[in-house]
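Survey of secondary and tertiary structure
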Amino acid sequence: MSPQSSYMLGIETSCDETACALVDRDGRVIANVVASQADLHAKFGGVVPEVASRKHIETLLPLIDSMMQRAGGVDWDRIEGVAVTQGPGLIGCLMIGVETAKALAWRYGKPLHAINHLEAHLHAPYLLPERADQAHLLIEVGESKAAIPFAREDSAAPHEADSPQAEAAVIKTPEFPHVGLIVSGGHTTLVVVEAPGQCRPLAATRDDAVGEAYDKVARVMGLGYPGGPIVDRLAAEGDPAAFKFTAPLKRRDVLDFSFSGLKSAVARRVEALRGADGSNGGSGSSGGNASGVLPEKIVRDLCAGFQATAIDVLLSKSMRAVGASGARDLVVVGGVASNRGLRRTASGLRAAGVRIWFPHFSLCTDNAAMIAGLAWHLKPLEAEAMLRLDPDASLKFTPLKGTVAG
Ligand code: KG4
Ligand code: ZN
């Protein structure tokens, strides 16, 4: 790394993760620090906005300081600009990041970038993770399956053969335009990504986000928070056929998602299984008991049934969107993109010519590397707009260049 290289400082505080990162202009993640508040919110079974914003105030500045120290004593001369999540997210949480970023940019005379959190998630597959052993993406090329080294233009081997594997070896990043599926705690959205930070929405959830459904399913079974990783782990040990759930809005003519009915169906089944009569609602083994504690096998099977239904609907709609768009790349991002069942099922799809990309695990859940990485592709705010920047809890996608806003 040349001593002259400069870094974008990213700041992310939209929900319950306080995060900062340094990313260079080639998308290399130099440092990526996330202080999760999950333990703080676990006892409430979900994020408490007031508690989260207070924790961001305490954590953010010391976290930036210690990251710059740990990254080898990076000083402000090396910082090209400051990038911060403007929205969407929890307003009190966003405010801490935005006001801190404004103050730092003003104090050190740096340009300020206001970044859309969802557009940043979509940029995650273009980043090179910090450590070489993290540097891979799961990728599908036609019928081949390969976890390949993440090769960028500057480091790629020359294209030598025509086999799918060789094709995989020279694919650097997803092509534009491509279809993006954002799956997180707050969003389940399909978009066409025309360029970095340039998206056209195609469909979204009509009620709960898929991550929210994971969290609620975990909560009704008393499994802990955040529920996604726990349900994912238990589902891997369960039988997805033991409990059948109806895939919501699976009709071919609807691209929108819905997860609240699925979540409620799981909750109703849990309630029935907990009934003192011991009826088991269809798994074939003994169900609930008077104490309301479900047997482990039942919990694993319920997780597997819920997860299989959610994955089925996510992937079938995404593949339909890819087909309709004429694109050949599908990018899956957001916290739920770290789901191993989703990755495994995606890697088993047999859709000729479609390539499915997932960011490295460290870049799926909320982080500031994606904020800093996207900022390199976008214009900073004008000097006067900088100090007037406000967070926006329901920030919309940036209108496409060349189209009328609104
Ligand atoms: O993107 P993210 O970190 O924050 C938001 O912007 O919402 O996503 C958090 C969500 C939570 O709902 C969490 O339960 C879910 O992502 N999640 C998972 C997994 N890891 C995190 N859901 C399913 N499987 C996982 N392995
Ligand atoms: Zn997120």
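Quick note: structure is the one above.
Structure report, in brief.

Criteria and thresholds
Residues numbered from 1 in each chain as written. Chains lettered and ligands numbered in written order. Predicted model: local features only at pLDDT ≥ 70, side-chain atom pairs only at ≥ 80, totals over all residues. Heavy atoms only, no water. Donors = N, O, S within 2.8 Å, 3.2 Å for Na, K, Ca; no water. Helix = DSSP H or I, 4+ residues; strand = E, 2+ residues; numbered from the N terminus. Buried < 20%, exposed > 50% of the residue type's maximum accessible area, 1.4 Å probe, protein only. Pairing = 2+ DSSP bridges. Near = heavy atom within 4 Å. Polar contact = N/O pair within 3.5 Å; in protein donor to acceptor, adjacent residues only side chain to side chain. Areas by Shrake-Rupley, 256 points an atom, 1.4 Å probe, with all protein chains shown as cover. Nonpolar A, V, L, I, M, F, W, Y, C, P; charged D, E, K, R; others polar. Core = buried A, V, L, I, M, F, W, Y, C linked by side-chain atoms within 4.5 Å. Contact = heavy atoms within 4.5 Å. Axes fitted to C-alpha atoms, helices over the stretch in contact; angles between N-to-C directions. Expected span 1.5 Å × (residues − 1).

Looking now at the coordination of the zinc ion (ligand 2). All of the protein donors around the zinc ion (ligand 2) are His117 (NE2), His121 (NE2) and Asp366 (OD); their distances to the metal are 2.1 Å. Read from N- to C-terminus, the donor residues coordinating the zinc ion (ligand 2) fall into the pattern H-x3-H-x244-D. Of this pair, histidine 121 sits in helix H4 (residues 117-123) while aspartate 366 sits in the loop between strand S12 (355-358) and helix H11 (369-375), placing them 245 residues apart in sequence. Judged on exposure class, the residue histidine 121 and its partner aspartate 366 are both buried.

Below, the discussion takes up the pairing of strand S9 (residues 188-195). Of all eight residues that make up S9, six are buried, and the element is covered over most of its length. Linking strand S8 (residues 178-183) back to S9 in an antiparallel pair, the connection comprises four residues. Here six bridges tie S9 to strand S10 (residues 198-204), and the two strands are oriented antiparallel to one another. Paired with valine 191 across the two strands is proline 201, which belongs to S10. In this antiparallel pair of consecutive strands, S9 and S10, the connection spans two residues, and glycine 197 shows a positive phi of 75°.

All right, on to the site of ligand 1 then. The environment of ligand 1 is formed by 19 residues, the closest being Gly185, Asp215, Gly335, Asn339 and Asp366. Contact between ligand 1 and glycine 335: an oxygen atom at 3.0 Å from a main-chain N or O atom of the residue. A distance of 2.9 Å separates a nitrogen atom of ligand 1 from a polar atom in the side chain of asparagine 339. For ligand 1, whose accessible area on its own is 550 Å², the fraction buried by protein is 89%. Looking at the shell around ligand 1, the elements that each hand over two or more residues are H4, helix H6 (210-220) and helix H7 (227-235). Classifying every residue of the shell around ligand 1 gives four nonpolar, 12 polar and three charged.

Counting residues in hydrophobic clusters, the biggest one holds 50 residues, and the most contacted among them are Phe259, Leu302 and Val332. Looking at this core, the elements that each hand over two or more residues are S8, H6, H7, helix H8 (260-274), helix H9 (296-325), strand S11 (329-333), helix H10 (340-347) and S12. Top contributing element to this core by residue count: H9, with 14 residues. Discounting residues that sit within four places of it in the chain, leucine 302 has contacts with Met221, Phe243, Phe245, Arg269, Val270, Leu273 and Leu294. Residues Leu9, Cys20, Met386 and Leu389 belong to the second largest nonpolar core, which totals 24 residues.

Glancing now at the sheet that holds strand S3 (residues 29-36). One open sheet holds the five strands; their spatial order is S3-S2-S1-S4-S5, and the pairing between them is mixed. Both edges of this open sheet fall to S3 and strand S5 (112-116), since each of them pairs with a single strand only. Each neighbouring strand pair of the sheet contributes to a mean axis angle of 20°, computed without reference to strand direction. In this structure, strand S1 (residues 7-12) lies alongside strand S2 (residues 17-24), joined through six bridges in antiparallel fashion. Bridged to tyrosine 7 within S2 is aspartate 24. The strands touched by helix H2 (residues 49-70) are S1, S2, S3 and strand S4 (79-87); relative to S2, the strand with the most contacts, the crossing angle is about 30°. With respect to the sheet, helix H3 (residues 91-108) is in contact with S1, S4 and S5, its orientation differing from that of S4 by roughly 155°.

Right, let's get into the environment of alanine 218. As for its placement among the helices and strands, alanine 218 is situated in helix H6. For alanine 218, a relative accessible area of 0% gives the class buried. Along the sequence, alanine 218 and valine 299 sit 81 residues apart, while their C-alpha atoms lie 9.6 Å from each other. Discounting chain neighbours no more than four positions away, the residues touching alanine 218 are Leu223, Gly224, Gly227 and Val231.

Time to look at the side chain of histidine 121. Assessed through its relative accessible area of 0%, histidine 121 is described here as buried. Ignoring anything within four residues of it in the chain, the contact list for histidine 121 reads Val333, Gly334, Cys364, Thr365, Asp366 and Met370.

Below, the discussion takes up H3. In a regular helix each residue adds 1.5 Å, so 18 residues correspond to 26 Å; H3 covers 26 Å between its end C-alpha atoms and thus fits that length. Among the residues of H3, Cys93, Leu94, Ile96, Gly97, Val98, Thr100, Ala101, Lys102, Leu104 and Ala105 are the ones counted as buried. The elements touched by buried residues of H3 are S1, H2, S4, S5 and helix H12 (383-388). Just downstream of H3 lies glycine 109, where phi reads positive at about 65°.

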